[in-house]
Amino acid sequence: MPRRSPYVIDLSPQERAELERRAAHYTLPYIVVVRAKMILMAADGLGNDEIALRLDMRREIVSKWRSRFYQQRLEGLEEIARPGRPRAFPP
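Residues numbered from 1 in each chain as written. Predicted model: local features only at pLDDT ≥ 70, side-chain atom pairs only at ≥ 80, totals over all residues. Heavy atoms only, no water.

K.L.:
Looking at this structure, I do not really get the nonpolar core. What am I missing?
P.N.:
Most often, soluble globular proteins keep nonpolar side chains buried together rather than apart. Among the nonpolar cores identified, the biggest contains 20 residues, and Leu19, Met38 and Phe69 are the most heavily contacted of them. Of all the secondary structure elements, the ones that give two or more residues to this core are helix H1 (13–24), helix H2 (30–43), helix H3 (48–55) and helix H4 (59–72). Here this core takes 7 residues from H2, the largest share from any one element. Residues within four places of Met38 in sequence aside, it is in contact with Ile51, Leu55, Met57, Ile61, Val62 and Trp65. (Core = buried A, V, L, I, M, F, W, Y, C linked by side-chain atoms within 4.5 Å. Buried < 20%, exposed > 50% of the residue type's maximum accessible area, 1.4 Å probe, protein only. Helix = DSSP H or I, 4+ residues; strand = E, 2+ residues; numbered from the N terminus. Contact = heavy atoms within 4.5 Å.)

K.L.:
Any chance you could explain the packing of H1 against H2 here in plain terms?
P.N.:
How two helices pack is summed up by the angle between their axes together with the distance between the axes. Running from N to C, H1 and H2 point in directions that differ by 135 degrees, and their axes come no closer than 8 Å. One finds that H1 runs oblique with respect to H2. As for how H1 packs across H2, the hand of that crossing is left-handed. Packed against H1, whose contacting residues are Arg16, Leu19, Glu20, Arg22 and Ala23, the element H2 presents Val32, Val33, Ala36, Lys37, Ile39, Leu40 and Ala43 at the interface. Taken together, the residues of the contact of H1 with H2 sort by class into 8 nonpolar, no polar and 4 charged. (Axes fitted to C-alpha atoms, helices over the stretch in contact; angles between N-to-C directions. Parallel < 35°, antiparallel > 145°, perpendicular 65-115°, else oblique. Left-handed = near helix turned anticlockwise from the far one by under 90°. Nonpolar A, V, L, I, M, F, W, Y, C, P; charged D, E, K, R; others polar.)

Structure below.
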């Protein structure tokens, strides 16, 4: 039996418009586009297993970003500062 996420995503019209813009934008970094697609699929009622299958990634990753969006909304999809020494080379 598939698991159901306790984080039910309900988007406002502004959030949906912003996520659709990010998902369709070709010049944004790949991970930004994938995160937007994850949340849009979650808002359409898909479970974490189905989203992971469609985007070819692990269920735990989908669960992490779904949870962060639920708690922090659009700001939760941004990268957070990581501890440690800064990168020596640009990405």
